Amino acid sequence: MQHNVLILDFGSQYTQLIARRVRELNIFCEIFPFDKIPEDLSSYKAVILGGSPFSVRSEEALHPDLSQIRGKMPLLAVCYGAQYLAHFSGGEVAASNTREYGRANLSFIQENELFLEGVSPNSQVWMSHSDSIKQLPTNGVRIASTKDVENAAYKIEGETTYAIQFHPEVYHSTEGKQMLENFLVKIAEVPQNFTPKAFVEEIVAEMKEKIGTDKVVLGLSGGVDSTVAAVLLNKAIGNNLYCIFVNNGLLRKNEFQSVLDQYKGMGLNVKGVDASQRFYDALAGLDDPEAKRKAIGNAFIEVFDDEAHQLTDVKFLGQGTIYPDVIESVSATGGPSATIKSHHNVGGLPDFMKLKIVEPLRMLFKDEVRRVGATLGIDPELLGRHPFPGPGLAIRILGDITPEKVAILQEVDAIFINGLKEHNLYNSVWQAGAILLPVNSVGVMGDERTYEKVVALRAVESTDGMTADWVHLPYEFLMKTSNEIINKVKGVNRVVYDISSKPPATIEWE
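In this text, all values refer to a predicted model and were calculated from it rather than measured experimentally.

Scoring rules and cut-offs
- Residues numbered from 1 in each chain as written.
- Predicted model: local features only at pLDDT ≥ 70, side-chain atom pairs only at ≥ 80, totals over all residues.
- Heavy atoms only, no water.
- Helix = DSSP H or I, 4+ residues; strand = E, 2+ residues; numbered from the N terminus.
- Buried < 20%, exposed > 50% of the residue type's maximum accessible area, 1.4 Å probe, protein only.
- Phe/Tyr/Trp six-rings, centres within 6.5 Å; stacked < 30°, edge-to-face > 60°.
- Lys NZ or Arg CZ within 6 Å of the ring centre and 35° of its normal.
- Pairing = 2+ DSSP bridges.
- Axes fitted to C-alpha atoms, helices over the stretch in contact; angles between N-to-C directions.
- Salt bridge = Lys/Arg side-chain N within 4 Å of Asp/Glu carboxyl O.

Once that is clear, we can look at unusual backbone geometry. The omega angle of the peptide bond from K502 to P503 is -15 degrees, so this bond is cis rather than trans. The residue P503 is located in the segment after β18 (492–497) in this model. Cis peptide bonds are those with omega within 30 degrees of zero, and the linkage from P503 to P504 qualifies with 10 degrees. Within the fold, P504 resides in the segment after β18. Phi is positive for C79, which is not a glycine, with a value near 55 degrees. For C79, the position within the fold is in the loop between β4 (75–78) and α2 (80–87). Of the residues examined, C79 reaches a relative accessible area of 4% and is grouped as buried. At E189, a position not held by glycine, the phi torsion is positive, near 55 degrees. The residue E189 is located in the loop between α3 (176–187) and α4 (196–211) in this model. The exposure class of E189 is exposed, given its relative accessible area of 62%.

Below you can see the structure in the form of structure tokens.
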């Protein structure tokens, strides 16, 4: 892969967003923790320092080694990065009288390359900091201000170093993407050659060289990531790819057979394995979400290992790991991030599975995976499929798992998802599903009292799942869906709609 831009992560919630904006410019970039800078920087054309929840004035300030970067290659310092360059290079950073957070407008711009093209004199930017740069670093020249922030941007004379106090990567910085383009394309002269077609050509050649004539086994889920990974591997090694699709008994209604049918026309070598009972046995009596995830993960590995052993001379395990999975498994300080919930496809393999891992998508964001899939000619309906959790319906059933509960939720989910498609709402939703609650409620059906289950419907809009907001589905649609669920699904007498955003809630309930 062509390593064009290096982004150093200091723990900001916006670091991934910087990478996404750079990728949107058809420029390849990578994120590294601030203290894990690659030793060989010869292939990089520019470096971006990100923001941070830390203060440069505190004892916990994060110190990157910029000796091979500053003055030697184009550098853009954002927020914490801008304060770091000022504070430790002859300038001064002090606490602001008021926390500077939210929209602001540039009130002064000195003519310079960063703002020369496509940036208006009063451009709206997004501030998010509690410290301010009171004095610029040695050889620093102010190039932009806002009403409240005198040193909103500066450059270092004698270097191709620029620093900005605001966040160009967020939506509210209306011309932020143009500023990034000015820095990367006009100033750093980074080539804009990262396209889906170029990625396919490069990764297929890379996998051919890495795998050679060896065999690869890959677990398909029916989702976008594993499907695109499979098609890429198939393009590289053909019949040496063996795909296994496991029915864990926690899939959506009729999904096992419909997914197998879908794969038949794609030229993939796929074996379907129905191991439902094995998973139900492993889940018996468990109601803790993490315990359920681990039981499912362990059962899947055992089933997968049994199937893999029926093949001879398999050397590699293919996985659909994508870039957010990789980034979230390492924090800015180099250690593991706080575990919100376990990633089912990050963390290696148990010792008894003597396989090397191949992950063709590990450098792509979700939207990039879809674009690569389109380049490969994969069915748009499959590429547009909503994300579905690895543990399946087990984490949408709060409490213990039984086949009876799964059957109820499958029916509810089918009514909801099919309804979204019939009313042309499916493609305006990023992810949707139903949750079976461990709650019974009183109801009346045919003049008789009922005491049955409650289900919650969930639909969110998002770009990559890092943040999400609930979707304002039409009341008429919700009313029709609720009526249909209660009338057709025995055991459910109440339907609620989840209107929580992420954060503070997560997309899934467990």
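Attention now moves to the packing of aromatic side chains. Considering all chains together, one arrives at 12 aromatic pairs under this definition. When the ring of F194 is compared with that of F199, the centres are 6.5 Å apart and the planes differ by 85 degrees; the resulting orientation is edge-to-face. When the ring of W470 is compared with that of Y497, the centres are 6.3 Å apart and the planes differ by 75 degrees; the resulting orientation is edge-to-face. Linking W470 in strand β17 (residues 469–470) with Y497 in strand β18, this pair joins segments that are 27 residues apart in sequence. Among the aromatic residues, those joined into a ring-pair cluster are F10, F34, Y80, Y84 and F88. The ring of F365 is capped by R20, whose NZ or CZ atom sits 5.4 Å from the centre of that ring. The positively charged end of K421 is found above the aromatic ring belonging to Y426, 5.0 Å away from the centroid.

Reading across the sheet, the five strands line up as β12-β11-β10-β13-β14 and stay open at both edges, with parallel pairing between neighbours. A strand with exactly one partner marks an edge of an open sheet, and here the two such strands are β12 (270–274) and β14 (356–358). Geometrically, the sheet is characterised by an average inter-axis angle of 30 degrees between neighbouring strands, direction not taken into account. Bridge count between strand β13 (residues 314–318) and β14: three bridges; the pairing is parallel.

Let us now look at the pairing of strand β3 (residues 46–49). Along a regular strand, successive side chains alternate from one face of the sheet to the other. A two-sided burial pattern is seen for β3, the buried positions comprising A46 and I48 on one face and V47 and L49 on the other. Here four bridges tie strand β1 (residues 5–9) to β3, and the two strands are oriented parallel to one another. In the sheet register, V5 faces β3, and the bridge partner there is A46. As paired strands, β3 and β4 are joined by three bridges and run parallel to one another. Considered in β4, the bridge of I48 is made with L76.

For the rest of this paragraph, the subject is the pattern of salt bridges. Counting across every chain of the model gives 29 salt bridges. A salt bridge links K177 to E24; its shortest N-O distance comes to 3.5 Å. Taken as a pair, K177 in helix α3 and E24 in helix α1 (residues 15–24) lie far apart in primary sequence, 153 residues in all. Overall, K177 belongs to the partly exposed group, its relative accessible area being 33%. Here K271 and E307 are joined by a salt bridge, their closest N and O atoms 2.7 Å apart. Highlighted residues: K271 in strand β12 and E307 in helix α8 (residues 289–309), separated in sequence by 36 residues. With relative accessibility at 39%, the residue K271 sits in the partly exposed group. Counted as one network, the salt bridges with shared partners bring together R20, D367 and R371.

In short, shape yes, function no, at least from these values alone.
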